[in-house]
Amino acid sequence: MNSRVGQRITSARAAAGIRLEALDEFVSLQAVEEGVRSCGRLDRRWCASLPASAVVYFVLAMCLHFSESYAEILRKLTDGLRGAVHAGALRVAGTSAVSKARTRLGPEPLKALFEQVRGPLTTPQSPGAFAFGRRLLMLSLDGTVLDVAPTQANTKAFGPPPGGSRKPGHHPQVKLILLIACGTRGTRGTRGTRFGPRRDNEVTLAKHLATSPTLSGGQLVLMDRAFHGHDILARITDCGADFIVGAHAHHWLPHLRELADGSFLSCVPDRASSQRQAASRFCDRRMPPDHPYGVAVRVVDADITATPEHGPPRTRPLRVITSLLDPGEAPAEQVAAVYAERWNSETSLFEAKIPQRDHRPLLRSKNPDGVTQEIYGLLITHQYLQAQRARAAQASRDPVTGQALDPDRVSFTAVLRAIRRHLHYRPATGQPPLITIVQAEALTQLIPADLTAPDHAPGRHPITA
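Since the structure is predicted, the reported quantities are computational estimates derived from the model, not experimental observations.

Chemist: Got a sec to walk through the pattern of salt bridges? Specific residues and values, please.
Modeler: Scanning all chains against the criterion turns up 14 salt bridges. Residue Arg421 is joined to Glu441 by a salt bridge in which the shortest nitrogen-to-oxygen separation is 2.2 Å. With Arg421 in helix α15 (residues 412-421) and Glu441 in helix α16 (residues 434-443), the pair connects residues that are 20 residues apart, well separated along the chain. Take Glu441: its relative accessible area is 18%, and that puts it in the buried class. One salt-bridge network, held together by shared partners, links Asp142, Asp224, Arg342 and Glu346.

Chemist: Residue-level account of the pairing of strand β5 (residues 219-223), with values.
Modeler: Most of β5 sits out of view: five of its five residues are buried. Going residue by residue along β5, you find Gln219, Val221 and Met223 tucked away on one face and Leu220 and Leu222 tucked away on the opposite face as well. Of the pairings in the sheet, the one linking strand β2 (residues 136-148) to β5 comprises four bridges and is parallel in character. When the sheet's bridge partners are listed, Ser140 is paired in β5 with Leu222. Two elements, β5 and strand β6 (residues 242-246), share four bridges in a ladder whose sense is parallel. Within the sheet, the bridge partner assigned to Leu222 lies in β6 and is Ile244. In this fold, β5 hands off to helix α10 (residues 230-238), which returns the chain to β6; that crossover is right-handed.

Chemist: Talk me through α16; I want residue IDs and the actual numbers.
Modeler: An α-helix turns once every 3.6 residues. As a result, residues three or four positions apart point the same way. Of all the ten residues making up α16, seven are buried; the element is thus mostly covered by neighbouring parts of the structure. By the burial criterion, the buried members of α16 are Leu434, Ile435, Ile437, Val438, Gln439, Glu441 and Ala442. Against α14 (368-394) and α15 lie the buried residues of α16.

Chemist: Quick one: what's the story with the packing of helix α2 (residues 29-38) against helix α7 (residues 108-117), residue by residue and with numbers?
Modeler: Relative to each other, α2 and α7 sit at 130 degrees, their axes nearing to 8 Å. Looking at the two axes, α2 sits oblique to α7. Between α2 and α7 the crossing geometry is right-handed. Between α2 and α7, the residues in contact are Ala31, Val32, Gly35, Val36 and Ser38 and Pro109, Ala112, Leu113 and Gln116, respectively. A per-class count over the contact of α2 with α7 returns six nonpolar, three polar and no charged.

Chemist: Report on the pairing of strand β8 (residues 264-269), specifying residues and quantitative values.
Modeler: Where burial is concerned, most of β8 is hidden: six out of the six residues are buried. Side chains Phe264, Ser266 and Val268 of β8 all project onto a buried face; the interleaved residues Leu265, Cys267 and Pro269 project onto the opposite face, where all are buried too. By the bridge criterion, two bridges tie strand β7 (residues 257-258) to β8 in an arrangement that is antiparallel. Looking across to β8, one finds that Glu258 is bridged to Phe264. Between β7 and β8, which pair antiparallel in sequence order, lie five residues; one of them, Gly262, sits at a positive phi of approximately 95 degrees.

Chemist: Let's hear about the packing of α7 against α14: which residues, and what values?
Modeler: The contact between α7 and α14 brings their axes to 9 Å, and the two run at 20 degrees. The angle between α7 and α14 falls in the class roughly parallel. The chirality of how α7 crosses α14 is left-handed. Here Leu110, Lys111, Leu113, Phe114 and Val117 of α7 come into contact with α14, specifically with Gln373, Tyr376, Gly377, Leu379, Ile380 and Gln383.

Chemist: Residue-level account of unusual backbone geometry, with values.
Modeler: Even without being a glycine, Arg185 presents a positive backbone phi close to 65 degrees. Position of Arg185 among the secondary structure elements: in the loop between β3 (173-181) and β4 (193-197). Classification of Arg185 by relative accessible area gives buried; the value is 5%. Located in the positive-phi region is His359, a residue other than glycine, with phi close to 60 degrees. Looking at where His359 falls in the secondary structure, it is placed in the loop between α13 (343-353) and β11 (362-363). With relative accessibility at 60%, the residue His359 sits in the exposed group.

So, how was this worked out
- Residues numbered from 1 in each chain as written.
- Predicted model: local features only at pLDDT ≥ 70, side-chain atom pairs only at ≥ 80, totals over all residues.
- Heavy atoms only, no water.
- Salt bridge = Lys/Arg side-chain N within 4 Å of Asp/Glu carboxyl O.
- Helix = DSSP H or I, 4+ residues; strand = E, 2+ residues; numbered from the N terminus.
- Buried < 20%, exposed > 50% of the residue type's maximum accessible area, 1.4 Å probe, protein only.
- Pairing = 2+ DSSP bridges.
- Right-handed = clockwise from strand over helix to strand, strands pointing away.
- Contact = heavy atoms within 4.5 Å.
- Axes fitted to C-alpha atoms, helices over the stretch in contact; angles between N-to-C directions.
- Parallel < 35°, antiparallel > 145°, perpendicular 65-115°, else oblique.
- Left-handed = near helix turned anticlockwise from the far one by under 90°.
- Nonpolar A, V, L, I, M, F, W, Y, C, P; charged D, E, K, R; others polar.

Shown next, in the form of C-alpha coordinates:
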(Lines give C-alpha, C1' and ligand atoms only; values in the text may rest on other atoms or scores of the structure.)
Protein backbone atom coordinates (compact mmCIF):
# COMPACT_ATOMS: atom_id res chain seq x y z
CA MET A 1 0.00 0.00 0.00
CA ASN A 2 1.57 3.28 -1.11
CA SER A 3 0.96 6.05 1.43
CA ARG A 4 1.97 8.82 -0.99
CA VAL A 5 -0.94 8.72 -3.39
CA GLY A 6 -3.47 10.66 -1.38
CA GLN A 7 -4.93 7.76 0.57
CA ARG A 8 -7.22 8.84 3.38
CA ILE A 9 -9.46 7.48 6.05
CA THR A 10 -12.83 6.65 4.53
CA SER A 11 -14.59 5.58 7.72
CA ALA A 12 -14.52 7.92 10.71
CA ARG A 13 -15.80 5.09 12.91
CA ALA A 14 -12.87 2.86 11.90
CA ALA A 15 -10.41 5.74 12.28
CA ALA A 16 -11.62 6.35 15.82
CA GLY A 17 -10.23 2.92 16.63
CA ILE A 18 -6.66 4.13 16.08
CA ARG A 19 -4.97 3.94 19.46
CA LEU A 20 -1.97 2.57 21.31
CA GLU A 21 -3.23 -0.25 23.50
CA ALA A 22 0.06 -0.32 25.41
CA LEU A 23 -0.69 3.19 26.71
CA ASP A 24 -4.36 2.62 27.56
CA GLU A 25 -3.83 2.29 31.29
CA PHE A 26 -1.64 5.39 31.39
CA VAL A 27 -3.18 7.53 28.63
CA SER A 28 -6.73 6.33 28.11
CA LEU A 29 -8.82 7.10 25.05
CA GLN A 30 -11.20 9.04 27.31
CA ALA A 31 -8.31 11.20 28.56
CA VAL A 32 -7.16 11.87 24.99
CA GLU A 33 -10.66 12.83 23.84
CA GLU A 34 -11.17 15.02 26.92
CA GLY A 35 -7.90 16.83 26.24
CA VAL A 36 -8.89 17.36 22.61
CA ARG A 37 -12.39 18.52 23.57
CA SER A 38 -11.15 20.93 26.27
CA CYS A 39 -8.93 22.64 23.70
CA GLY A 40 -11.74 23.01 21.17
CA ARG A 41 -10.20 20.64 18.62
CA LEU A 42 -13.11 18.20 18.41
CA ASP A 43 -15.19 19.29 15.41
CA ARG A 44 -16.69 17.62 12.36
CA ARG A 45 -14.07 18.65 9.83
CA TRP A 46 -11.58 16.30 11.48
CA CYS A 47 -13.58 13.29 10.30
CA ALA A 48 -12.88 14.07 6.65
CA SER A 49 -9.19 13.20 7.05
CA LEU A 50 -7.98 12.23 10.52
CA PRO A 51 -9.80 12.37 13.88
CA ALA A 52 -8.08 14.61 16.39
CA SER A 53 -7.62 11.70 18.82
CA ALA A 54 -5.85 9.71 16.10
CA VAL A 55 -3.43 12.61 15.56
CA VAL A 56 -2.65 12.69 19.29
CA TYR A 57 -1.82 9.00 19.16
CA PHE A 58 0.28 9.60 16.06
CA VAL A 59 2.38 12.20 17.93
CA LEU A 60 2.84 9.79 20.85
CA ALA A 61 3.82 6.97 18.49
CA MET A 62 6.21 9.34 16.74
CA CYS A 63 7.88 10.04 20.08
CA LEU A 64 8.32 6.31 20.69
CA HIS A 65 9.74 5.74 17.18
CA PHE A 66 11.93 8.75 16.43
CA SER A 67 13.92 6.96 13.75
CA GLU A 68 10.86 5.87 11.76
CA SER A 69 9.27 7.78 8.88
CA TYR A 70 5.73 9.14 9.00
CA ALA A 71 4.58 6.34 6.69
CA GLU A 72 6.06 3.63 8.91
CA ILE A 73 4.56 5.18 12.05
CA LEU A 74 1.15 5.22 10.36
CA ARG A 75 1.53 1.53 9.56
CA LYS A 76 2.39 0.79 13.19
CA LEU A 77 -0.64 2.78 14.36
CA THR A 78 -3.03 0.92 12.09
CA ASP A 79 -1.46 -2.46 12.82
CA GLY A 80 -4.31 -3.23 15.20
CA LEU A 81 -6.88 -2.47 12.48
CA ARG A 82 -5.67 -4.75 9.72
CA GLY A 83 -9.14 -6.15 9.21
CA ALA A 84 -10.60 -2.70 8.54
CA VAL A 85 -7.70 -1.85 6.21
CA HIS A 86 -8.08 -5.05 4.20
CA ALA A 87 -11.87 -4.61 4.02
CA GLY A 88 -11.47 -1.12 2.60
CA ALA A 89 -13.15 0.61 5.58
CA LEU A 90 -9.87 2.22 6.58
CA ARG A 91 -7.13 3.43 4.31
CA VAL A 92 -3.83 4.79 5.57
CA ALA A 93 -3.63 8.58 5.37
CA GLY A 94 -0.83 10.20 3.40
CA THR A 95 2.10 11.85 5.14
CA SER A 96 1.05 15.26 3.84
CA ALA A 97 -2.40 14.82 5.41
CA VAL A 98 -0.79 13.90 8.73
CA SER A 99 1.44 16.99 8.65
CA LYS A 100 -1.59 19.20 8.06
CA ALA A 101 -3.54 17.39 10.79
CA ARG A 102 -0.67 18.00 13.26
CA THR A 103 -0.83 21.69 12.38
CA ARG A 104 -4.60 21.80 12.97
CA LEU A 105 -4.23 19.97 16.28
CA GLY A 106 -1.61 22.35 17.70
CA PRO A 107 0.29 21.81 20.98
CA GLU A 108 -2.56 22.51 23.44
CA PRO A 109 -4.12 19.00 23.58
CA LEU A 110 -0.70 17.44 24.21
CA LYS A 111 -0.02 19.99 26.94
CA ALA A 112 -3.37 19.20 28.58
CA LEU A 113 -2.62 15.48 28.37
CA PHE A 114 0.83 15.95 29.91
CA GLU A 115 -0.76 17.69 32.87
CA GLN A 116 -2.97 14.65 33.45
CA VAL A 117 -0.06 12.18 33.56
CA ARG A 118 2.32 14.27 35.67
CA GLY A 119 3.60 13.15 39.04
CA PRO A 120 6.66 11.80 40.84
CA LEU A 121 5.47 8.14 40.46
CA THR A 122 6.68 7.37 43.98
CA THR A 123 5.15 5.48 46.88
CA PRO A 124 6.17 5.79 50.54
CA GLN A 125 8.20 2.59 50.08
CA SER A 126 10.03 3.64 46.89
CA PRO A 127 13.81 3.13 47.33
CA GLY A 128 15.93 6.15 46.50
CA ALA A 129 13.01 8.59 46.50
CA PHE A 130 13.19 10.00 50.03
CA ALA A 131 15.94 11.38 52.24
CA PHE A 132 16.67 11.79 55.95
CA GLY A 133 14.48 9.11 57.44
CA ARG A 134 12.02 9.26 54.52
CA ARG A 135 10.96 12.72 55.64
CA LEU A 136 11.66 14.55 52.38
CA LEU A 137 10.78 13.66 48.79
CA MET A 138 13.86 14.35 46.64
CA LEU A 139 13.37 16.38 43.47
CA SER A 140 16.15 17.35 41.09
CA LEU A 141 16.03 20.57 39.08
CA ASP A 142 18.05 20.54 35.89
CA GLY A 143 18.01 21.60 32.26
CA THR A 144 19.18 20.66 28.78
CA VAL A 145 18.93 21.87 25.20
CA LEU A 146 17.22 20.23 22.22
CA ASP A 147 18.23 20.83 18.61
CA VAL A 148 15.38 21.70 16.25
CA ALA A 149 15.11 21.72 12.47
CA PRO A 150 16.88 24.75 10.94
CA THR A 151 13.82 26.25 9.23
CA GLN A 152 13.11 29.96 8.94
CA ALA A 153 10.12 29.70 11.30
CA ASN A 154 12.11 27.85 13.98
CA THR A 155 15.04 30.26 13.69
CA LYS A 156 12.70 33.22 14.12
CA ALA A 157 11.02 31.69 17.18
CA PHE A 158 14.02 30.11 18.94
CA GLY A 159 16.87 32.27 17.71
CA PRO A 160 19.81 31.54 15.44
CA PRO A 161 22.06 28.52 16.03
CA PRO A 162 24.59 29.03 18.84
CA GLY A 163 28.21 29.74 18.07
CA GLY A 164 30.41 32.63 17.02
CA SER A 165 31.10 34.09 13.62
CA ARG A 166 34.14 31.86 13.12
CA LYS A 167 32.36 28.61 13.97
CA PRO A 168 28.59 29.05 13.81
CA GLY A 169 26.25 26.30 14.97
CA HIS A 170 24.04 24.29 12.65
CA HIS A 171 20.65 24.19 14.40
CA PRO A 172 18.46 26.44 16.56
CA GLN A 173 18.00 25.14 20.08
CA VAL A 174 15.27 24.97 22.72
CA LYS A 175 16.23 25.18 26.38
CA LEU A 176 14.27 22.76 28.60
CA ILE A 177 14.09 22.90 32.42
CA LEU A 178 12.51 20.03 34.38
CA LEU A 179 11.72 19.16 37.98
CA ILE A 180 12.32 15.40 38.25
CA ALA A 181 11.67 13.01 41.14
CA CYS A 182 14.75 11.07 42.22
CA GLY A 183 14.52 7.30 42.10
CA THR A 184 11.53 6.99 39.76
CA ARG A 185 12.55 9.98 37.56
CA GLY A 186 8.95 11.09 37.08
CA THR A 187 8.36 14.69 36.01
CA ARG A 188 6.08 17.18 37.73
CA GLY A 189 3.91 18.03 34.72
CA THR A 190 3.51 21.46 33.12
CA ARG A 191 4.09 23.14 36.48
CA GLY A 192 7.43 21.38 36.70
CA THR A 193 8.44 22.07 33.10
CA ARG A 194 9.60 25.18 31.29
CA PHE A 195 11.14 25.60 27.88
CA GLY A 196 11.94 28.43 25.54
CA PRO A 197 14.62 29.75 23.17
CA ARG A 198 18.21 28.93 24.02
CA ARG A 199 18.86 32.60 24.74
CA ASP A 200 16.52 32.39 27.75
CA ASN A 201 18.47 32.28 30.99
CA GLU A 202 18.36 28.88 32.69
CA VAL A 203 17.90 30.45 36.12
CA THR A 204 15.06 32.67 34.88
CA LEU A 205 13.21 29.62 33.55
CA ALA A 206 13.85 27.77 36.82
CA LYS A 207 12.33 30.60 38.87
CA HIS A 208 8.95 29.85 37.30
CA LEU A 209 9.16 26.32 38.72
CA ALA A 210 10.12 27.44 42.23
CA THR A 211 6.57 28.45 43.11
CA SER A 212 3.60 27.04 44.98
CA PRO A 213 1.88 24.61 44.40
CA THR A 214 4.69 23.08 42.32
CA LEU A 215 6.79 22.98 45.50
CA SER A 216 5.59 22.52 49.05
CA GLY A 217 6.67 21.30 52.46
CA GLY A 218 8.14 17.81 52.66
CA GLN A 219 10.14 18.24 49.44
CA LEU A 220 13.90 18.58 48.97
CA VAL A 221 15.15 20.22 45.76
CA LEU A 222 18.63 19.26 44.53
CA MET A 223 20.36 21.66 42.11
CA ASP A 224 23.78 22.27 40.65
CA ARG A 225 25.73 25.43 41.36
CA ALA A 226 24.15 27.36 38.49
CA PHE A 227 21.09 27.80 40.75
CA HIS A 228 22.73 29.00 43.97
CA GLY A 229 21.51 32.61 43.71
CA HIS A 230 19.43 34.33 46.36
CA ASP A 231 16.26 34.79 44.29
CA ILE A 232 15.58 31.16 43.44
CA LEU A 233 16.59 29.90 46.92
CA ALA A 234 14.26 32.42 48.55
CA ARG A 235 11.40 31.27 46.31
CA ILE A 236 11.98 27.63 47.29
CA THR A 237 12.00 28.35 51.03
CA ASP A 238 8.92 30.58 50.69
CA CYS A 239 7.09 27.51 49.35
CA GLY A 240 8.05 25.56 52.49
CA ALA A 241 10.43 23.25 50.61
CA ASP A 242 14.11 22.65 51.37
CA PHE A 243 17.12 22.55 49.08
CA ILE A 244 20.67 21.30 48.66
CA VAL A 245 22.63 23.15 46.00
CA GLY A 246 26.24 23.26 44.89
CA ALA A 247 28.18 26.49 45.38
CA HIS A 248 31.12 28.07 43.61
CA ALA A 249 34.34 28.18 45.62
CA HIS A 250 34.57 31.95 45.09
CA HIS A 251 30.96 32.57 46.16
CA TRP A 252 31.11 34.77 49.25
CA LEU A 253 29.31 33.16 52.21
CA PRO A 254 29.72 34.76 55.66
CA HIS A 255 30.93 32.40 58.38
CA LEU A 256 28.35 32.93 61.14
CA ARG A 257 28.72 29.90 63.45
CA GLU A 258 30.72 26.67 63.40
CA LEU A 259 28.77 23.45 64.00
CA ALA A 260 29.90 20.20 65.61
CA ASP A 261 29.88 18.17 62.36
CA GLY A 262 32.29 20.55 60.62
CA SER A 263 29.67 22.52 58.70
CA PHE A 264 28.87 26.14 59.50
CA LEU A 265 25.84 28.42 59.44
CA SER A 266 25.75 31.19 56.88
CA CYS A 267 23.33 32.95 54.58
CA VAL A 268 23.02 33.59 50.87
CA PRO A 269 22.83 37.40 50.77
CA ASP A 270 20.42 39.32 48.61
CA ARG A 271 21.70 41.42 45.74
CA ALA A 272 22.14 44.61 47.78
CA SER A 273 24.19 42.87 50.48
CA SER A 274 26.34 41.12 47.88
CA GLN A 275 27.09 44.38 46.13
CA ARG A 276 27.96 46.06 49.43
CA GLN A 277 30.37 43.25 50.32
CA ALA A 278 31.98 43.38 46.87
CA ALA A 279 32.46 47.14 47.18
CA SER A 280 34.02 46.72 50.65
CA ARG A 281 36.54 44.18 49.35
CA PHE A 282 37.36 46.26 46.28
CA CYS A 283 38.03 49.36 48.35
CA ASP A 284 39.98 47.33 50.96
CA ARG A 285 37.56 48.35 53.71
CA ARG A 286 36.32 46.23 56.59
CA MET A 287 33.09 44.28 56.34
CA PRO A 288 30.08 46.24 57.65
CA PRO A 289 29.27 45.12 61.22
CA ASP A 290 25.69 44.03 60.45
CA HIS A 291 25.05 40.60 58.98
CA PRO A 292 23.85 40.64 55.37
CA TYR A 293 20.18 40.03 54.75
CA GLY A 294 19.45 36.80 52.90
CA VAL A 295 18.43 33.14 53.02
CA ALA A 296 19.71 31.22 56.06
CA VAL A 297 21.81 28.24 54.97
CA ARG A 298 24.26 25.68 56.24
CA VAL A 299 27.52 25.15 54.35
CA VAL A 300 29.03 21.69 53.98
CA ASP A 301 32.54 21.26 52.58
CA ALA A 302 33.19 17.78 51.21
CA ASP A 303 35.65 15.79 49.15
CA ILE A 304 34.38 14.01 46.05
CA THR A 305 36.39 11.01 44.88
CA ALA A 306 36.14 9.77 41.31
CA THR A 307 37.34 6.23 40.63
CA PRO A 308 37.93 5.82 36.88
CA GLU A 309 37.97 2.43 35.21
CA HIS A 310 41.65 2.89 34.47
CA GLY A 311 44.00 4.96 36.59
CA PRO A 312 44.17 6.09 40.20
CA PRO A 313 41.27 7.71 42.08
CA ARG A 314 41.00 11.48 41.90
CA THR A 315 39.71 13.63 44.73
CA ARG A 316 38.51 17.22 44.51
CA PRO A 317 36.77 19.54 46.96
CA LEU A 318 33.05 20.23 46.77
CA ARG A 319 30.93 22.80 48.61
CA VAL A 320 27.18 22.46 49.00
CA ILE A 321 24.72 24.69 50.81
CA THR A 322 21.41 23.60 52.29
CA SER A 323 18.39 25.01 54.07
CA LEU A 324 18.52 22.04 56.50
CA LEU A 325 20.14 23.87 59.39
CA ASP A 326 20.00 21.19 62.10
CA PRO A 327 22.99 18.80 61.90
CA GLY A 328 21.12 16.37 64.15
CA GLU A 329 18.40 15.84 61.52
CA ALA A 330 20.69 16.15 58.49
CA PRO A 331 24.34 15.29 59.28
CA ALA A 332 26.94 16.82 56.98
CA GLU A 333 28.01 13.47 55.55
CA GLN A 334 24.43 12.59 54.64
CA VAL A 335 23.84 16.02 53.10
CA ALA A 336 26.86 15.53 50.84
CA ALA A 337 25.76 11.99 49.92
CA VAL A 338 22.18 13.05 49.14
CA TYR A 339 23.50 15.74 46.81
CA ALA A 340 24.89 12.97 44.58
CA GLU A 341 21.28 11.90 43.87
CA ARG A 342 20.99 15.04 41.75
CA TRP A 343 22.36 12.92 38.91
CA ASN A 344 18.95 11.25 38.59
CA SER A 345 17.89 14.25 36.52
CA GLU A 346 21.02 14.02 34.36
CA THR A 347 20.26 10.35 33.73
CA SER A 348 16.60 11.04 32.93
CA LEU A 349 17.47 13.79 30.46
CA PHE A 350 20.06 11.53 28.84
CA GLU A 351 17.47 8.75 28.47
CA ALA A 352 14.97 11.13 26.87
CA LYS A 353 17.52 12.62 24.46
CA ILE A 354 19.56 9.57 23.42
CA PRO A 355 17.95 6.08 23.78
CA GLN A 356 14.33 7.20 23.40
CA ARG A 357 15.14 9.39 20.39
CA ASP A 358 17.30 6.69 18.77
CA HIS A 359 20.33 9.01 18.83
CA ARG A 360 18.59 11.39 16.42
CA PRO A 361 20.13 14.87 16.76
CA LEU A 362 17.00 16.84 15.81
CA LEU A 363 13.34 17.21 16.61
CA ARG A 364 11.68 16.74 13.23
CA SER A 365 9.01 19.47 13.42
CA LYS A 366 9.48 22.38 11.01
CA ASN A 367 7.53 25.10 12.88
CA PRO A 368 7.38 26.35 16.51
CA ASP A 369 3.92 24.92 17.28
CA GLY A 370 5.05 21.55 15.95
CA VAL A 371 8.20 21.72 18.09
CA THR A 372 6.13 22.49 21.19
CA GLN A 373 3.74 19.66 20.34
CA GLU A 374 6.64 17.26 19.84
CA ILE A 375 8.29 18.25 23.13
CA TYR A 376 5.06 17.55 25.05
CA GLY A 377 4.74 14.24 23.21
CA LEU A 378 8.30 13.39 24.20
CA LEU A 379 7.60 14.28 27.84
CA ILE A 380 4.36 12.24 27.93
CA THR A 381 5.95 9.11 26.48
CA HIS A 382 9.04 9.52 28.64
CA GLN A 383 6.83 9.80 31.73
CA TYR A 384 5.05 6.63 30.61
CA LEU A 385 8.31 4.72 30.19
CA GLN A 386 9.55 5.87 33.60
CA ALA A 387 6.22 4.82 35.11
CA GLN A 388 6.71 1.32 33.67
CA ARG A 389 10.23 1.25 35.17
CA ALA A 390 8.86 2.27 38.55
CA ARG A 391 6.03 -0.28 38.45
CA ALA A 392 8.42 -3.07 37.49
CA ALA A 393 10.63 -2.16 40.46
CA GLN A 394 7.69 -1.88 42.88
CA ALA A 395 6.40 -5.33 41.91
CA SER A 396 9.80 -7.00 42.33
CA ARG A 397 12.38 -7.81 44.96
CA ASP A 398 16.12 -7.63 44.75
CA PRO A 399 17.17 -11.20 43.88
CA VAL A 400 20.18 -10.97 46.23
CA THR A 401 18.98 -9.02 49.27
CA GLY A 402 15.25 -9.77 49.04
CA GLN A 403 14.50 -6.09 49.72
CA ALA A 404 12.51 -3.69 47.54
CA LEU A 405 14.16 -3.30 44.15
CA ASP A 406 15.81 0.06 43.46
CA PRO A 407 14.33 1.54 40.23
CA ASP A 408 17.88 2.50 39.22
CA ARG A 409 18.52 -1.19 38.53
CA VAL A 410 15.69 -1.46 35.99
CA SER A 411 17.06 -0.74 32.53
CA PHE A 412 15.29 2.09 30.71
CA THR A 413 16.39 0.65 27.36
CA ALA A 414 14.93 -2.76 28.21
CA VAL A 415 11.57 -1.17 29.08
CA LEU A 416 11.64 0.97 25.93
CA ARG A 417 12.26 -2.03 23.67
CA ALA A 418 9.55 -4.10 25.37
CA ILE A 419 6.98 -1.32 24.95
CA ARG A 420 7.88 -0.81 21.30
CA ARG A 421 7.32 -4.50 20.62
CA HIS A 422 3.90 -4.51 22.31
CA LEU A 423 2.32 -1.21 21.23
CA HIS A 424 -0.89 -3.02 20.21
CA TYR A 425 -0.86 -5.71 22.87
CA ARG A 426 -4.40 -6.49 23.96
CA PRO A 427 -4.41 -9.48 26.34
CA ALA A 428 -7.00 -12.13 25.64
CA THR A 429 -8.54 -14.34 28.31
CA GLY A 430 -5.80 -16.11 30.24
CA GLN A 431 -3.00 -13.89 28.89
CA PRO A 432 -0.89 -11.74 31.25
CA PRO A 433 -1.25 -7.95 31.31
CA LEU A 434 1.36 -5.80 29.61
CA ILE A 435 3.08 -4.77 32.86
CA THR A 436 3.77 -8.46 33.60
CA ILE A 437 5.49 -8.86 30.22
CA VAL A 438 7.51 -5.66 30.65
CA GLN A 439 8.45 -6.65 34.17
CA ALA A 440 9.59 -10.13 33.08
CA GLU A 441 11.78 -8.71 30.30
CA ALA A 442 13.22 -5.96 32.51
CA LEU A 443 14.06 -8.35 35.35
CA THR A 444 16.12 -10.53 33.01
CA GLN A 445 18.25 -7.47 32.18
CA LEU A 446 18.78 -5.87 35.58
CA ILE A 447 21.66 -3.44 35.86
CA PRO A 448 24.23 -4.85 38.32
CA ALA A 449 24.08 -3.20 41.73
CA ASP A 450 27.73 -2.14 41.61
CA LEU A 451 27.09 -0.19 38.38
CA THR A 452 24.32 1.87 40.02
CA ALA A 453 26.52 2.78 43.00
CA PRO A 454 27.70 6.41 43.11
CA ASP A 455 31.31 5.55 42.26
CA HIS A 456 30.34 3.86 38.97
CA ALA A 457 27.32 5.72 37.60
CA PRO A 458 28.21 8.44 35.08
CA GLY A 459 28.97 11.63 36.95
CA ARG A 460 28.11 10.16 40.34
CA HIS A 461 30.97 9.60 42.77
CA PRO A 462 31.33 8.90 46.48
CA ILE A 463 31.28 12.01 48.63
CA THR A 464 32.67 12.26 52.12
CA ALA A 465 32.32 15.23 54.39
